Amino acid sequence: MFRFLNETLSAYQARDPAARSKLEIFLLYPGVHATIYYKIAHFLYRRHLRFLARCVSQWARRRTGIEIHPGATIGRRLVIDHGMGIVIGETAEVGNDVLLYQGVTLGGTGKDQGKRHPTIGNNVLIGSGAKVLGPFRVGDGARIAANAVVLQEVPGDSTAVGVPAHIVKIAGERVAYANTVDQINITDPVNETMKALLSRVEFLERQLDERAAQNTDENRQEE
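Residues numbered from 1 in each chain as written. Predicted model: local features only at pLDDT ≥ 70, side-chain atom pairs only at ≥ 80, totals over all residues. Heavy atoms only, no water.

### Structural notes on the overall build of the chain
Looking only at helices and strands, the chain features five helices and 16 strands. For 223 residues, the compact-globule formula gives about 17 Å, and the C-alpha radius of gyration of the chain, at 24 Å, lies well above that figure. When the backbone C-alpha atoms are referred to their principal axes, the chain occupies close to 95 × 40 × 30 Å. With 223 residues in all, the chain has 40% of them scored as buried. For the chain, long-range pairs separated by at least 24 residues make up 30% of all intrachain contacts whose partners lie at least 6 apart in sequence. Total accessible area computed for the chain in this model is approximately 13000 Å², and 53% of it derives from carbon and sulfur atoms. (Helix = DSSP H or I, 4+ residues; strand = E, 2+ residues; numbered from the N terminus. Rg over C-alpha atoms; globule rule 2.2 N^0.38 Å. Buried < 20%, exposed > 50% of the residue type's maximum accessible area, 1.4 Å probe, protein only. Contact = heavy atoms within 4.5 Å. Areas by Shrake-Rupley, 256 points an atom, 1.4 Å probe, with all protein chains shown as cover.)

This is the structure we're talking about:
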C-alpha cells in the first residue's frame, strides 16, 4: 500500500504543475482519495463481500464526486485531474500511467452481460467530458480529446476527436481532415465536411442564378 501510494503521489507531482508537495496531494486531491477508497472496495469485492464493497464505493462517490465500481480493474499510477463527475464501470480495465480529466465516463452501451466496458491501455490521456462507451480497447499511448464520444476501438498512439469520435492522427501522422490536436484547438472532421457541403451548395446556387439571368436576357432579346 505504501509503495502504491508513493507511486501515485509521484505521478500527480509529475503531471500536475499546481502540485506543490506530496503531503498537499495526499490531503487535498480527491483523485487520490477516490483511488484509495477503490483499493479498499476492490479488496472486498474480490472476496465476494459485494455489498460492503458497494458501500465503500458509494461513500467515496459522495466524498469525492468520483464513482469507480469496485469490480473495475485499475492499473498503477492513475492520475485523476480534478475528477468531479468521473464514472468507471464494473468491467472497465484501466492500464498504467493513465490520465483522466473531469467528467470522463468509461461506460457501457446497454444491459449486456459479461464484458461491457472499455479496456484502456497504458499511457492513455482522456480529456474532460469524454465518453468511452463499449467493450473495446483504447490502445497504448492514445489521446482522446475533450467531449469526444468514443464508440469503437482506438488504435495505439493515435488521437480521437469529435462526436462520434474520429481518428485524426496515428503514430504522429495526420489522417483525413487532421490538424495538430490539443485539448483546446481541435479540428472537428464533421464540421469540416459540413463546411465543404455548404460551399458546394452556394456554388450551385450561384450557377442556377446565372443560368436564370441568362435565360431572362435571351427571352427579352426574342421579344
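### Focus: the nonpolar core
A general trend in soluble globular proteins is that nonpolar side chains are found buried together. In terms of nonpolar packing, the biggest core is built from 42 residues, with Ile88, Leu106, Ile120, Ile126, Val132 and Val138 touching the most fellow members. When residues of this core are assigned to their parent elements, the largest contribution, five residues, is made by helix α1 (residues 2-15). For Val138, the residues in contact, after removing those within four places along its chain, are Thr119, Ile120, Gly121, Val124, Val132, Ile144 and Val154. Membership of the second largest hydrophobic core comes to five residues, among which are Leu44, Tyr45, Ala53 and Val56. (Core = buried A, V, L, I, M, F, W, Y, C linked by side-chain atoms within 4.5 Å.)

### A word on the pattern of salt bridges
One pass over the full model with this rule turns up nine salt bridges. Across the pair Arg116 and Glu90 runs a salt bridge, and its minimum N-O distance is 2.7 Å. Here Arg116 is found in the loop between β7 (105-107) and β8 (119-120), whereas its partner Glu90 is found in the loop between β4 (87-88) and β5 (93-94), with 26 residues between them in sequence. For Arg116, a relative accessible area of 22% corresponds to the partly exposed category. The exposure class assigned to Glu90 is partly exposed, which follows from its relative accessible area of 23%. Shared partners join several salt bridges into a network, and the residues in it are Arg3, Glu7, Arg76, Arg77 and Asp97. (Salt bridge = Lys/Arg side-chain N within 4 Å of Asp/Glu carboxyl O.)

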